[in-house]
Amino acid sequence: MEIVSENHCFGGTQAVYKHVSDSCSCEMTFGAYLPPQSKERRVPVLWYLSGLTCTHENAVTKGGFQEHAARHGIAVIFPDTSPRGSAVSDDEAYDLGQGAGFYVNATCDPWKANYKMYDYILCELRALVLDSLPVQNRHGITGHSMGGHGALTLALNNLDLFDSLSAFAPIAHPTQSDWGRKQLSEYLGNDEGDWVGYDSTLLLDDHNWKGDILVDQGASDQFLDLLMPEALADMMAKRRQSGQVRMQKGYDHSYFFVNTFARDHVEWHAERLN
């Protein structure tokens, strides 16, 4: 890893790193907040996956996670949302291509050469973080919007690799939403059977999460019809899945919403990771 920047933050360090990724066949950048406790011992890890159009930087500067992570002694990892670079395929639309990796392993041209965000986070970046940073092999995962979709699907598909799970306004049923059907058909092809493993509502219908799930959703979110939180809530009830979907009155889809409830989510993960 090469250090891009380091800043003292709430007694710890907010750093940005870059490295060459085998999974994505390009250079990748990610943020990592190390709390002050990491100077004395290894600490648990909370993964935060960002949404459409974002990089690692949006959550690092707007999410407000560092203060709460410092208080509870948790590292926070902020991956990018897609591969990037002039040699990486892209699209004119904001919701496809660079900035919109959707946390899948693409199998269709031209995307399959680089768009392996599922493997990148689950295998490559996880191994790099464990090898290079003072962290424990205990992992919570959360994310916003497309990143909430990524957090839910990564955890539900890999029960043994994550210890806590939450989401902010996730794309909860992408196989039935325009935020999902477009991207899944492009990245994976038109066989909808290949999409099931990337839909948290369908995954919950197949098997429960091992613990409880926390989901916060703004009740005034301008993208509610695309996110479909009701599908996830109904499936949690059907499957008797422990957890809660909290509709937060007046809140929209912005980072003001994420920042408001960042404390709740960090504390919630800390209770389960510590």
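In case you missed it, the structure is sitting above this.
Keep in mind the model is a prediction, meaning the values are calculated, not measured.

A. Here's a closer look at the overall build of the chain. Of regular secondary structure, the chain possesses 9 helices and 9 strands. Taken over the C-alpha trace, the chain has a radius of gyration of 17 Å; the compact-globule value for 274 residues is 19 Å, and the two agree within 12%. With respect to the principal axes defined by its C-alpha atoms, the chain has extents near 50 × 45 × 35 Å. For the chain, the proportion of contacts with a sequence separation of at least 24, taken over those separated by at least 6, is 73%.

B. Broad picture of the pattern of salt bridges. Per the counting criterion, the structure on display carries 13 salt bridges. Asp216 serves as the salt-bridge partner of Arg246, at 2.7 Å between the closest nitrogen and oxygen. Taken together, the residues span a long stretch of sequence, with Arg246 in strand β9 (residues 243-248) and Asp216 in strand β8 (residues 213-218) at a distance of 30 residues. Since its relative accessible area comes to 22%, Arg246 is described here as partly exposed. Between Arg263 and Glu267 there is a salt bridge, with its nearest N and O atoms 3.0 Å apart. Here Arg263 and its partner Glu267 are both found in helix α9 (residues 255-273), 4 residues apart, which amounts to about one turn of the helix.

C. Quick look at the packing of aromatic side chains. This structure, assessed with the given rule, holds 15 aromatic pairs. Ring centres 5.8 Å apart and planes at 85 degrees place the aromatic pair Tyr118 and Tyr198 in the edge-to-face group. Remark: Tyr198 occurs in the loop between α5 (178-188) and α6 (200-206) and Tyr118 occurs in helix α3 (residues 117-132); sequence separation between them is 80 residues. A residue is classified by how much of its surface remains accessible, and Tyr198, at 11% relative accessible area, is buried. Site record: aromatic cluster; members linked through ring pairs are Tyr48, Phe65, Phe78, Phe168, Tyr251, Phe257 and Phe261. Over the face of the ring belonging to Phe162 we find Arg126, whose NZ or CZ atom lies 5.5 Å from the ring centre. Seen from the ring of Trp268, Arg272 lies directly overhead, with NZ or CZ sitting 3.8 Å from the centre.

What counts, and at which threshold
- Position numbers for residues start from 1 in each chain and track the written sequence from start to end.
- A pLDDT threshold of at least 70 governs which residues receive local features in this predicted model, and a stricter bar of 80 or more applies before side-chain atom pairs are shown or counted, although totals over entire chains, interfaces and linings include all residues.
- To obtain the side-chain values, all non-hydrogen atoms of the structure were included, while hydrogens and water were left out.
- Helix and strand definitions here come from DSSP, where helices need a minimum of 4 consecutive H or I residues and strands a minimum of 2 consecutive E residues; each element is numbered from the N-terminal end.
- Radius of gyration means the value over C-alpha atoms here, while the globule rule gives 2.2 Å times the residue count to the 0.38 power.
- Contacts between residues were defined by any pair of non-hydrogen atoms, one from each residue, lying within 4.5 Å.
- Each reported salt bridge corresponds to a side-chain nitrogen of Lys or Arg within 4 Å of a carboxyl oxygen of Asp or Glu.
- Here the term buried applies to any residue with accessible area under 20% of the maximum for its type, exposed to any over 50%, and partly exposed to those in between, with areas from a 1.4 Å probe on protein chains only.
- Pairing of aromatic side chains requires ring centres within 6.5 Å, counting the rings of Phe and Tyr and the six-membered ring of Trp. Pairs whose planes differ by under 30 degrees are stacked, by over 60 edge-to-face, and all others tilted.
- The criterion is that NZ of a Lys, or CZ of an Arg, lies within 6 Å of the ring centre and within 35 degrees of the ring normal, and then a charge sits over that ring.

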